[in-house]
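Observations on chain architecture
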Amino acid sequence: MNSNYALHEMLEVHEIAAFKTVCMTKSMTMQALVTAPELMQILQQDVTLSQQQLQELGGVLSKATV
């Protein structure tokens, strides 16, 4: 994998990670307000998937050189 990225590419990855963090935080917060089991399951799946995606984005950022 090529780890040489342009500055604008790194900024885009940072922007995606920030947006994903906000979405995950909202899903975690909404879990406290939800009473429907199906919706709770969807929110939990979103949190789990978001955590995995943020780890992947963190890996990209840690290996990248500008």
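Refer to the structure printed above.
As a starting point, this report considers the structure included with it. (Residues numbered from 1 in each chain as written. Predicted model: local features only at pLDDT ≥ 70, side-chain atom pairs only at ≥ 80, totals over all residues. Heavy atoms only, no water.)

A count of helices and strands for the protein chain gives two helices and zero strands. For 66 residues, the compact-globule estimate of 2.2 N^0.38 gives 11 Å, and the protein chain exceeds it by more than 25% at 15 Å. Based on the C-alpha atoms only, the size of the protein chain along its principal axes is roughly 45 × 20 × 10 Å. Relative to its 66 residues, the protein chain shows a buried fraction of 21%. (Helix = DSSP H or I, 4+ residues; strand = E, 2+ residues; numbered from the N terminus. Rg over C-alpha atoms; globule rule 2.2 N^0.38 Å. Buried < 20%, exposed > 50% of the residue type's maximum accessible area, 1.4 Å probe, protein only.)

Before going further, it helps to examine helix α2 (residues 37-63). With 27 residues, α2 ought to run about 39 Å at 1.5 Å a step, and its terminal C-alpha atoms sit 39 Å apart, in line with that. Taken as a whole, α2 has its buried residues at Leu 43, Val 47, Ser 50, Leu 54 and Leu 57. (Expected span 1.5 Å × (residues − 1).)

Glancing now at the nonpolar core. Among soluble globular proteins, nonpolar side chains are generally buried collectively. Residues Val 13, Ala 17, Met 24, Val 47, Leu 54 and Leu 57 constitute the largest nonpolar core, which totals six residues. Among the secondary structure elements, those contributing two or more residues to this core are α1 (7-31) and α2. Not counting chain neighbours up to four residues away, the residues in contact with Ala 17 comprise Leu 54 and Leu 57. (Core = buried A, V, L, I, M, F, W, Y, C linked by side-chain atoms within 4.5 Å. Contact = heavy atoms within 4.5 Å.)

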